[in-house]
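Observations on the model geometry
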Amino acid sequence: MYDLTGFQRDLLYVIAGLDEPHGLAIKEELETYYEGEVNHGRLYPNLDTLVEKGLIEKGELDRRTNFYTLTKRGRRELDARNDWEAQYVSA
């Protein structure tokens, strides 16, 4: 996770929190959090990077729509990040 951008980490958290979200659902969640527009030119290349790194998988809903899920490695990375953060931030 240390080599990911903050935006890429946010993508992982959103994907982990939704059930096989498609790109537009991820975009909408991030826009709510960022309180601004997330353009396609930022979203999809970063999703592709996470696929290449083996943190998420991309599947096809139909010819135009993909969905995304965390891989086992992606889940382990998120869990490790949460453990690391917990050392410094108490509830």
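The shown structure was predicted, so the numbers you read here are calculated from the model rather than taken from an experiment. (Residues numbered from 1 in each chain as written. Predicted model: local features only at pLDDT ≥ 70, side-chain atom pairs only at ≥ 80, totals over all residues. Heavy atoms only, no water.)

1. A few points about helix α2 (residues 23–34)
Because the α-helix completes a turn every 3.6 residues, residues three or four places apart line up on one side. Worth spelling out the cut-off: Runs of H or I in DSSP of at least four residues are treated as helices and runs of E of at least two as strands, each being numbered from the N terminus. By this rule the span expected of a helix is its residue count minus one, scaled by 1.5 Å. Under the scheme applied here, a residue whose accessible area is under 20% of the maximum for its type counts as buried, over 50% as exposed, and between as partly exposed, the area being computed with a 1.4 Å probe on protein chains only. Every residue pair with non-hydrogen atoms within 4.5 Å of one another is taken to be in contact.
In a regular helix each residue adds 1.5 Å, so 12 residues correspond to 16 Å; α2 covers 16 Å between its end C-alpha atoms and thus fits that length. Of the residues making up α2, those classed as buried are G23, A25, I26, K27 and L30. Looking at the buried residues of α2, the elements they touch are α1 (6–17), α3 (40–52) and β2 (66–70).

2. Some remarks on the pattern of salt bridges
As a reminder, the rule being used: Throughout this description, the term salt bridge denotes a Lys or Arg side-chain nitrogen within 4 Å of a carboxyl oxygen of Asp or Glu.
For the structure on display, the rule yields five salt bridges. A salt bridge links K53 to D3, with the nearest nitrogen and oxygen atoms 2.9 Å apart. Here the residue K53 occupies a position in the loop between α3 and β1 (56–60), and D3 occupies one in the segment before α1, the gap between them amounting to 50 residues. The class of K53 is partly exposed, set by a relative accessible area of 29%.

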